[in-house]
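Results of the structural survey
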Amino acid sequence: MKRSRTLVLSLVATLVAALGAAWVALPAYAAGASASFVKTADWGSGWEGKYTITNGGSSTINGWSLAFDLPSGTTLGSYWDALLSSAGQRHTFTNRSWNGTIAPGASVSFGFLASGSGSPSGCQLNGASCGGGTPPTTPPPTTPPPTTPPPTDPPTGGLPKHLLTGYWHNFDNPAVELRLRDVPAEYDLVAVAFAEATSTPGALTFGIDPGLAASLGGYTDADFTNDVRTLHSRGKRVILSVGGETGRVTVNNAASATAFADTAAALIARYGFDGIDIDLENGLNPTYMAQALRALRAKVGSGLIIAMAPQTIDMQNPAGGYFKLALDIKDILTVVNTQFYNSGAMLGCDQNAAYGQGTVNFIVALACIQLEAGLRPDQVGLGLPAGAGAAGGGIVAPSVVNAALDCLARGTNCGSFRPPRTYPGIRGAMTWSVNWDVSNGNGFANTVGPHLDTLP
């Protein structure tokens, strides 16, 4: 996101990262544990798999390790909710810090992408057959245990199936200044830009910008908090965005992850925010940001909205930091609204052509990368500028955004590029920003908002 009209051109590049995990010793075997596998998606040349580990015994499982073989010619890609070590075609997944404990009767799951047509074989869980071990001598408790697994799908947070997201300026620039309560009614989710860094690594702070307050003739933190309540009364949700073009929030170790979670939770409680948005345009550490977001969710609850707004180049490769973060927290992630602007030309999911920004082809071909490489359609949104002044490049008419949504959801109104399938659950659209949209006559909200209601 940009605080001004400065043109930022990203160089087209391929992001490469080394994936791997250190070998972890097998946890002690727990009788009654079993694991089941299902292909949750299959597109011919590849598939998405999911293992669910269930504790059918009477004792808590503390740590798990699941290993299987893939046939020659079938390779693993991205994975989530587990750590991975591989030796040839034998792959071993072990628990993350947050899902290693499985109470009696409870389950946890992890997933991964694979290329090729094969399926796993030779599955072993904690050194025994995945089909289950020795039956327990006493039945499991009849009452549900207090520890439950993380949800396989993120909470809706009170959001509609297809939603319009807009960023609200907590600063003054050439766009019109607005009180939060004056955000147009078409917006379902409002991202407040931005939380700022403090002298403590990872820690966040937020308060109404003095320049904005002066431009509005007086606007206090208390006024803002009341406006958050007003939007809630209208059925809208408000989240706090972290970063922006000049944002310097850094989460790169356990201490900064804790500081992020603690301060974000405090700001959410103070102002009534419904969630957090990650808009760090200067890089991030996926391991520790995932840790921070999971810790925040544990503090706030399952209704926490987690959004992201990566730049286009950040979502070119699943091995890149931003993309890896999205896949690592797929089970709690709400939506990724990639900024399809200020990008120059870039390759799409067909890897055959560099599509020019500001076109239906560009939007659809680049969104297709995320849709085919691990994110669910309901986790993918299209981020575009709200018209003149909002960006240095990639500005499109709102009708182009609608055409891209139609192409992805229905296979209609496409340009020369057509995705390999349709994605009726595509989540929606985002714009930078509400303020620029109002400055330009609300064309984005009034055109894209109603169109979202027509999608399947």
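Look above for the structure.
Reference entry: report on the structure contained in this document. (Residues numbered from 1 in each chain as written. Predicted model: local features only at pLDDT ≥ 70, side-chain atom pairs only at ≥ 80, totals over all residues. Heavy atoms only, no water.)

A packed helix pair is summarised by two numbers, namely the angle formed by the two axes and the spacing between the axes. Between helix H4 (residues 286-300) and helix H5 (residues 321-328), whose axes approach to 9 Å, the crossing angle comes to 35°. Like other packed secondary-structure pairs, H4 and H5 cross with a definite hand, here right-handed. Contacts between H4 and H5 involve Pro-286, Met-289, Ala-290, Leu-293 and Arg-294 from the first element and Gly-321, Lys-324, Leu-325 and Asp-328 from the second. Partitioning the contact of H4 with H5 into residue classes produces five nonpolar, one polar and three charged. (Axes fitted to C-alpha atoms, helices over the stretch in contact; angles between N-to-C directions. Helix = DSSP H or I, 4+ residues; strand = E, 2+ residues; numbered from the N terminus. Left-handed = near helix turned anticlockwise from the far one by under 90°. Contact = heavy atoms within 4.5 Å. Nonpolar A, V, L, I, M, F, W, Y, C, P; charged D, E, K, R; others polar.)

Once that is clear, we can look at the state of the cysteines. Under the counting rule described, the total for this entry stands at three disulfides. With its sulfur 2.0 Å from that of its partner, Cys-349 forms a disulfide with Cys-368. Between Cys-349 and Cys-368, the disulfide has an S-S torsion of 80° and is therefore right-handed. In this pair, Cys-349 is assigned in the loop between strand E19 (346-347) and strand E20 (354-355) and Cys-368 in helix H6 (residues 360-372), connecting sequence segments 19 residues apart. Among the residues examined, Cys-349 registers a relative accessible area of 26% and is labelled partly exposed. Note on Cys-368: relative accessible area 0%, which makes it buried. Disulfide pairing places Cys-407 opposite Cys-414 at an S-S distance of 2.0 Å. When the S-S torsion is 100°, as for the bridge of Cys-407 with Cys-414, the disulfide is right-handed. By the burial criterion, Cys-407 is buried, and Cys-414 matches it. By sequence-ordered numbering of the bonded cysteines, the protein has its disulfides arranged as 1-2, 3-4, 5-6. (Disulfide = S-S within 2.5 Å. Buried < 20%, exposed > 50% of the residue type's maximum accessible area, 1.4 Å probe, protein only.)

For the rest of this paragraph, the subject is the sheet that holds strand E4 (residues 65-69). The strands making up a sheet associate through backbone hydrogen bonding, with each pair oriented either parallel or antiparallel. Sheet architecture is open: five strands sit in the order E6-E7-E4-E10-E11, paired in antiparallel fashion. Of all the strands in the sheet, just strand E6 (83-87) and strand E11 (128-129) have a single pairing partner and so form its edges. Sheet analysis places E4 next to strand E10 (residues 121-125), joined by three bridges and oriented antiparallel. The residue bridging Leu-66 from the neighbouring strand is Leu-125, located in E10. (Pairing = 2+ DSSP bridges.)

Nonpolar side chains in soluble globular proteins tend to end up buried together. In this structure, Trp-168, Leu-180, Phe-224, Phe-260 and Ile-276 are the most contacted members of the largest nonpolar core, which totals 116 residues. The leading source of residues in this core is H6, at 10 residues. Sequence-distant contacts of Phe-224, defined by excluding residues within four places in its chain, comprise Trp-168, Leu-180, Val-192, Phe-206, Ile-208, Tyr-219, Tyr-271 and Phe-273. (Core = buried A, V, L, I, M, F, W, Y, C linked by side-chain atoms within 4.5 Å.)

Within the structure shown, the criterion is met by 26 aromatic pairs. Measuring from ring centre to ring centre gives 5.7 Å for Tyr-271 and Phe-273, while their planes differ by 40°; the resulting arrangement is tilted. Per residue, the accessibility class of Tyr-271 equals that of Phe-273, and both read buried. Aromatic rings pair up to connect Phe-37, Trp-47, Tyr-51, Trp-64, Phe-68, Phe-93, Phe-110 and Phe-112 into one cluster. (Phe/Tyr/Trp six-rings, centres within 6.5 Å; stacked < 30°, edge-to-face > 60°.)

Let us now look at unusual backbone geometry. In this structure, Phe-194 follows Ala-193 across a cis peptide bond, with omega equal to 5°. Tracing the backbone shows Phe-194 in strand E13 (residues 189-197). For the peptide bond that leads from Trp-432 to Ser-433, omega is 5°, which places it in the cis range. Along the chain, the position of Ser-433 falls in the loop between strand E22 (428-432) and helix H8 (434-439). Its identity is not glycine, yet Asn-342 carries a phi of approximately 50°, on the positive side. Mapped onto the elements of the fold, Asn-342 is located in the loop between strand E18 (335-339) and E19. Not every positive phi belongs to a glycine, and Asn-413 is a case in point at roughly 60°. Relative to the elements of secondary structure, Asn-413 occurs in the loop between helix H7 (398-410) and E22.

Note that Gly-158 resides in the loop between E11 and strand E12 (163-169). Taking the C-alpha atoms as reference points, Gly-158 and Arg-237, separated by 79 residues in sequence, lie 7.6 Å from one another.

Following the criterion strictly, the structure yields 10 salt bridges and no others. For Lys-299, the salt bridge identified is with Asp-262, shortest N-O distance 2.9 Å. Of this pair, Lys-299 sits in helix H4 while Asp-262 sits in helix H3 (residues 254-271); the two residues are 37 residues apart in sequence, bridging distant segments of the chain. The exposure class of Asp-262 is partly exposed, given its relative accessible area of 35%. One connected set of salt bridges, linked through shared partners, spans Arg-96, Lys-324 and Asp-328. (Salt bridge = Lys/Arg side-chain N within 4 Å of Asp/Glu carboxyl O.)

Counting buried positions along E13 gives seven out of nine residues, so the element sits mostly inside the fold. Of the pairings in the sheet, the one linking E12 to E13 comprises five bridges and is parallel in character. Counted as the bridge partner of Gly-166 is Val-190 from E13. Sheet analysis places E13 next to strand E14 (residues 204-205), joined by two bridges and oriented antiparallel. Bridging across to E14, Ala-197 finds its partner in Leu-204. A loop of six residues connects E13 with E14, the two strands running antiparallel in sequence, and Gly-202 in this loop sits at a positive phi of about 90°.

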